[in-house]
Amino acid sequence: MLDEQEKKLGKWITALASLLAFMGIGIVDPLLPSIAANIGATHSQVEMLFTAYIFTMAIMMIPIGIVAGRLGDKRLIVMGLFIVTIFALLCGFSDSITALSIFRAGWGFGNAMFLATAMTMLIGLSITPSHAIGLYEAAMGLGMAFGPLLGGILGNISWRYPFYATATLIFIAFLLILFKVKEPDRRVVKKTKQNVPIKQMLHLFTHKPFLQIALSGMFYYYCFFTILAYSPLILGLSAIQIGFVFFAWGLCLALGSAKISHLLEQYLNPKLILKFSLCICALILLFLGVIDIRWVDICLIILSGLVLGVNNALFTTTVMEHSPHERSITSGAYNFVRWLGAAFAPLMSGLISEMFGANIPFIVAAVLCIAAIALLFLKIKPIEEKVKDKIHSIHQAS
């Protein structure tokens, strides 16, 4: 059993490591125009730095979620951080868009090992699951804020420097987790045929309430990464200017997920809040698609952080509530589905802009956001409840 001091130390170090891991997602943001200019890549090619990274991360969430219970959260976190360190360094030494994309995919593999287990680690070290989720989403927001800022400041000198800096910071996180964090006690579950991880994972993908929230989250994360990964290419700003724009956006993201979402949850049902916040998200995307005034677009992007932060926290809370299985399995399945939506957003946005115009990707994202809202309005009962209702009606008839 860990004492309170050990739990507190472990919780804050894990939160710090989460922040640094999320920095790795956004650090490329202000570098996209510079990398495209220096290497000679199109919008869709340079967007592969996001797609290769996120697609690999999404695919690996399934096997990692399955083996997490056996290997332990800490072991996977430490392995993931070490892999990220190596591939971040390799990105800094790359000379082609192909090499960069491959190394970003390796980076995504390491980050998958970390992100699939960091939340369950935080939940084990925290007083309540909602506190841990809030801390995790706040770390995501701050990481998304400081990543572009670091990328913008160092990228103004050379696009390679942010990769070296990230490798150094992630290696520090690796050492802190390895030597200072003790893994919380896991609830012992008797192994039966019913709770084999692979069967639980497969069952989740047939469990309609979970699937409803997860698919809605997938459409929403397409929208999220359209704003994060595509908009830097059309703002016409320098690396450092993009860095400051997304630093402000990330601070709003953290505020939305850590504070505003929890205030709203005290008075309203999370699913109800999501319907309204997704409507606001769709409107912001629509405005980005039709308004071609730079300062207005910058203001919309920054303010979108508040709405996206609320959505991030509420989707995570809601999906955990709609799963009958343990959190590591739920986290792995949900992360796979939502990051799959995120993976296609950068590449598709790049291709759509090349074929139809620079503003059209935002219109497409707005339509998908409406699809995410529509899914939440569906009234779905799990199969188990339908069977119970049918048995009950048969008994009443007889």
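Enquirer: Run through the overall build of the chain, naming residues and quoting values.
Expert: Within the chain one finds 16 helices and 0 strands. A compact globule built from 398 residues should have a C-alpha radius of gyration of about 21 Å, and the chain, at 21 Å, falls within 12% of that. Here the chain, with 398 residues, has 56% of them falling under the buried criterion. Considering only contacts in the chain between residues 6 or more positions apart, those separated by 24 or more positions represent 87%. Here the chain contributes 28 positively and 19 negatively charged side chains, and the mean placements of these two sets differ by 8 Å.

Enquirer: Go over a nonpolar patch on the surface, please, and point to the residues and values.
Expert: A cluster of nonpolar side chains, namely Phe55, Ile59, Phe344, Met348, Leu351, Met355, Phe356 and Ile360, defines an oily patch on the protein surface of about 740 Å² accessible area. Sorting the residues of the nonpolar patch by element identifies helix H4 (48-71) and helix H14 (327-356) as the ones contributing at least two each. In terms of residues, the nonpolar patch owes the most to one element, H14, which gives 5 residues. Mapped onto the fold, Met355 is located in helix H14.

Enquirer: Could you give an account of the state of the cysteines, with specific residues and numbers?
Expert: Note on terminology: disulfide describes a covalent bond linking the sulfur atoms of two cysteines. With the rule as written, the count across this model stands at 0 disulfides. There is no disulfide at Cys223, and the cysteine sulfur nearest it, in Cys369, is 4.3 Å away. Judged by relative accessible area, which is 0%, Cys223 ranks as buried. Free cysteine Cys369: the closest other cysteine sulfur is in Cys281, separated by 3.9 Å. Residue Cys369 is classed as buried on the basis of its relative accessible area of 0%.

Enquirer: I'd like to hear about the nonpolar core, residue by residue, with values.
Expert: Formed by 126 residues in total, the largest nonpolar core has its most connected members in Ile25, Met144, Phe224, Phe225, Trp249, Leu285 and Trp339. With 14 residues, helix H6 (residues 97-125) is the single largest residue contributor to this core.

Enquirer: Tell me about the packing of aromatic side chains, residues and numbers included.
Expert: One pass over the full model with this rule turns up 23 aromatic pairs. Taking the centre distance of 5.6 Å and the plane angle of 75° together, the rings of Phe22 and Tyr136 count as edge-to-face. Taken together, the positions of Phe22 in helix H1 (residues 4-26) and Tyr136 in helix H7 (residues 129-155) put the pair 114 residues apart, joining distant regions of the chain. The pair formed by Phe22 and Tyr136 is uniform in burial state, with each residue classed as buried. Summarising the aromatic geometry, the rings of Tyr221 and Trp339 are spaced 5.4 Å apart at their centres and angled 65° between planes, so their arrangement reads as edge-to-face. Of the two residues, Tyr221 sits in helix H10 (residues 208-230) while Trp339 sits in helix H14, which places them 118 residues apart along the sequence. Among the aromatic residues, those joined into a ring-pair cluster are Phe50, Tyr220, Tyr221, Phe224, Phe225, Phe246, Trp249, Phe315 and Trp339.

Enquirer: Residue-level account of the packing of H10 against helix H13 (residues 294-321), with values.
Expert: For the pair H10 and H13, the least separation of the axes is 11 Å and the interaxial angle reads 160°. Classified by the angle their axes make, H10 and H13 are roughly antiparallel. Considering how the two elements wind past one another, H10 and H13 form a crossing that is left-handed. Judged by residue contacts, Phe210, Ile213, Ser216, Gly217, Tyr220, Tyr221, Phe224 and Ile227 of H10 engage Ile301, Ser304, Leu308, Asn311, Asn312, Phe315, Thr318 and Val319 from H13. Broken down by class, the residue content of the contact of H10 with H13 amounts to 10 nonpolar, 6 polar and no charged.

Enquirer: Explain the side chain of Lys271 to me, using residue names and the numbers behind them.
Expert: Within the secondary structure, Lys271 is located in helix H12 (residues 270-290). Summary of buried charges: Lys271 has no salt-bridge partner, and the nearest side chain of opposite charge, Glu321, is 9.3 Å away. A polar atom in the side chain of Lys271 sits 3.2 Å from the side chain of Gln212. When neighbours within four sequence positions are excluded, Lys271 is seen to be in contact with Gln212, Ile213, Thr318 and Leu376.

Enquirer: Just give me the short version of the pattern of salt bridges, but keep the residues and values in it.
Expert: Applying the stated rule across the entire model yields 2 salt bridges. The salt bridge partner of Glu6 is Lys182, with a shortest N-O separation of 2.7 Å. Placement of the pair is Glu6 in helix H1 and Lys182 in the loop between helix H8 (161-180) and helix H9 (197-204), with a sequence separation of 176 residues. Its salt-bridge partner being Arg160, residue Asp95 comes within 2.7 Å of it at the nearest N-O pair.

Enquirer: Let's hear about H6: which residues, and what values?
Expert: With 29 residues, H6 extends 40 Å between its outermost C-alpha atoms, agreeing within 8% with the 42 Å of an ideal straight helix rising 1.5 Å per residue. When the local axis directions of H6 are compared, the greatest deviation, roughly 30°, occurs at Ala118. Most of H6 is tucked away: 24 of the 29 residues are buried.

Enquirer: Describe H8, with residues and values.
Expert: Helix length check: H8, at 20 residues, gives a terminal C-alpha distance of 28 Å against a target of 28 Å (1.5 Å per residue), a fit within 8%. Burial in H8 covers these residues: Pro162, Phe163, Ala165, Thr166, Ala167, Ile170, Ala173, Phe174 and Ile177.

The rules behind these values
- Residues numbered from 1 in each chain as written.
- Predicted model: local features only at pLDDT ≥ 70, side-chain atom pairs only at ≥ 80, totals over all residues.
- Heavy atoms only, no water.
- Helix = DSSP H or I, 4+ residues; strand = E, 2+ residues; numbered from the N terminus.
- Rg over C-alpha atoms; globule rule 2.2 N^0.38 Å.
- Buried < 20%, exposed > 50% of the residue type's maximum accessible area, 1.4 Å probe, protein only.
- Contact = heavy atoms within 4.5 Å.
- Lys, Arg positive; Asp, Glu negative; His and termini not counted.
- Charge placed at Lys NZ, Arg CZ, Asp CG, Glu CD.
- Patch = residues over 30% accessible without salt bridge, like charges linked within 9 Å, V, L, I, M, F, W, Y side chains within 5 Å.
- Areas by Shrake-Rupley, 256 points an atom, 1.4 Å probe, with all protein chains shown as cover.
- Salt bridge = Lys/Arg side-chain N within 4 Å of Asp/Glu carboxyl O.
- Disulfide = S-S within 2.5 Å.
- Core = buried A, V, L, I, M, F, W, Y, C linked by side-chain atoms within 4.5 Å.
- Phe/Tyr/Trp six-rings, centres within 6.5 Å; stacked < 30°, edge-to-face > 60°.
- Axes fitted to C-alpha atoms, helices over the stretch in contact; angles between N-to-C directions.
- Parallel < 35°, antiparallel > 145°, perpendicular 65-115°, else oblique.
- Left-handed = near helix turned anticlockwise from the far one by under 90°.
- Nonpolar A, V, L, I, M, F, W, Y, C, P; charged D, E, K, R; others polar.
- Polar contact = N/O pair within 3.5 Å; in protein donor to acceptor, adjacent residues only side chain to side chain.
- Expected span 1.5 Å × (residues − 1).
- Bend = angle between axes of the 7 residues up to and from the residue.

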